[in-house]
Amino acid sequence: MKKTLTALALFAATATPVLAADNCAATIEGNDKMQYNIKAVEIPKSCKTFTMTLKHVGKMPKVSMGHNIVVTKASDAKAVATDGIKAKATDYVKPDDARVLAHTKMIGGGESASLTLDVSKMDAGTEYTYFCSFPGHATAMKGTLKIGG
Ligand code: CO
């Protein structure tokens, strides 16, 4: 019994949370510590669309601890986040930014929001990133997204 508990504790401390996505959907939580609870998502390649739901499980308001999910190619993420900082009026996402595959609205504590990806327009060989575009959040609040088996 003791040995089993030790093994579980080690697993919890070292494993990167990878969501075993089924139903072509994933729910990710954001909190008041500027963290997503899931840092890697794999989309089953059988999915035609994929829905990502963000739940802000904190209590802080949108103006001080806003969270969203913005999906881009990994190679575009930094530039999209930088441009987003200047776009306060549009939830810190540059309007009509072609590099953004999809994004949720910006939310505060207790709220949730979703986006839907068109998986047919995504490439299995490309690495994607999801991040929060609230100023200063993208370096901590980000995860990898790819199409898997
Ligand atoms: Co945020």
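Just so it is clear, the model here is predicted, and its values are computed rather than measured.

Colleague: What is the right way to look at the side chain of His 67 in this model?
Modeller: Residue position: His 67 is located in the loop between helix 2 (62–65) and strand 5 (70–73). One polar contact links the side chain of His 67 to the main-chain carbonyl oxygen of Asn 31, over a distance of 2.7 Å. In this view, His 67 contacts Gly 30, Asn 31, Met 34, Leu 54, His 56, Lys 105, Met 106, Ile 107, Cys 132, His 137 and Met 141; residues no more than four positions away in its chain are not counted.

Colleague: I would appreciate a short explanation of the sheet that holds strand 7 (residues 112–118) in the present structure.
Modeller: The strands that make up a sheet are held in pairs by hydrogen bonds between backbone atoms, and each pair lies either parallel or antiparallel. If you trace the three strands from one edge of the open sheet to the other, you get 2-4-7, paired in mixed fashion. Every other strand in the sheet has two partners, leaving strand 2 (25–30) and strand 7 as the edge strands with one partner each. Averaged over all pairs of adjacent strands, the angle between their axes in this sheet comes to 20°, without regard to strand direction. In the sheet, strand 2 pairs with strand 4 (residues 49–56) via six bridges, with the strands oriented parallel. Directly across from Ala 26, in strand 4, lies its bridge partner Met 52.

Colleague: Got a minute to help me understand the confidence of the model for the chain in this structure?
Modeller: Caution applies to low-pLDDT regions: their predicted coordinates should not be interpreted in detail. Mean pLDDT over the chain stands at 90; residues scoring 70 or higher make up 85%. Contacts for the low-pLDDT stretch residues 1–15, under 50 throughout, to residues beyond four places or in other chains number zero contacts.

Colleague: Looking at this model, I keep getting lost on the nonpolar core. Mind explaining?
Modeller: If you look at soluble globular proteins, the nonpolar side chains tend to sit buried side by side. If you look at the biggest cluster of nonpolar residues, it comprises 28 residues, and the most contacted ones within it are Ile 43, Phe 50, Met 52, Ile 69, Leu 117, Tyr 130 and Leu 145. Mapped onto this core, the elements with two or more residues apiece are strand 2, strand 3 (40–44), strand 4, strand 7, strand 8 (128–131) and strand 9 (142–148). Counting residues in hydrophobic clusters, the runner-up holds seven residues, among them Ala 77, Val 93, Val 100 and Phe 131.

Colleague: Just to check I follow, could you spell out the packing of aromatic side chains for this structure?
Modeller: Aromatic rings considered in pairs are described by the distance between their centres and by the relative angle of their planes. With the rule as written, the count across this model stands at two aromatic pairs. A ring pair is formed by Tyr 36 and Tyr 130, whose centres lie 5.5 Å apart and whose planes are at 40°; its orientation type is tilted. Here Tyr 36 is found in the loop between strand 2 and strand 3, whereas its partner Tyr 130 is found in strand 8, with 94 residues between them in sequence. With respect to burial, Tyr 36 and Tyr 130 carry one shared label: buried.

Colleague: In this structure, what is going on with helix 3 (residues 77–85)? I would like to understand it.
Modeller: Residues that lie three or four places apart on an α-helix share one face, since the helix turns once every 3.6 residues. Among the residues making up helix 3, those that are buried are Ala 77, Val 80, Ala 81 and Gly 84. Buried residues of helix 3, viewed axially, fall in a sector of 100°; they line one side. The secondary structure elements touched by the buried residues of helix 3 are strand 5 and strand 8.

Colleague: Just to check I follow, could you spell out the environment of Glu 42 for this structure?
Modeller: If you trace the backbone, Glu 42 turns up in strand 3. Glu 42 sits in the partly exposed class, given a relative accessible area of 31%. On a C-alpha basis, the gap between Glu 42 and Cys 24 in space is 9.8 Å, while along the polypeptide they are 18 residues apart.

Rules and cut-offs
- Residues numbered from 1 in each chain as written.
- Predicted model: local features only at pLDDT ≥ 70, side-chain atom pairs only at ≥ 80, totals over all residues.
- Heavy atoms only, no water.
- Helix = DSSP H or I, 4+ residues; strand = E, 2+ residues; numbered from the N terminus.
- Polar contact = N/O pair within 3.5 Å; in protein donor to acceptor, adjacent residues only side chain to side chain.
- Contact = heavy atoms within 4.5 Å.
- Pairing = 2+ DSSP bridges.
- Axes fitted to C-alpha atoms, helices over the stretch in contact; angles between N-to-C directions.
- pLDDT = per-residue confidence, 0-100.
- Core = buried A, V, L, I, M, F, W, Y, C linked by side-chain atoms within 4.5 Å.
- Buried < 20%, exposed > 50% of the residue type's maximum accessible area, 1.4 Å probe, protein only.
- Phe/Tyr/Trp six-rings, centres within 6.5 Å; stacked < 30°, edge-to-face > 60°.
- Arc of directions from axis to C-beta.

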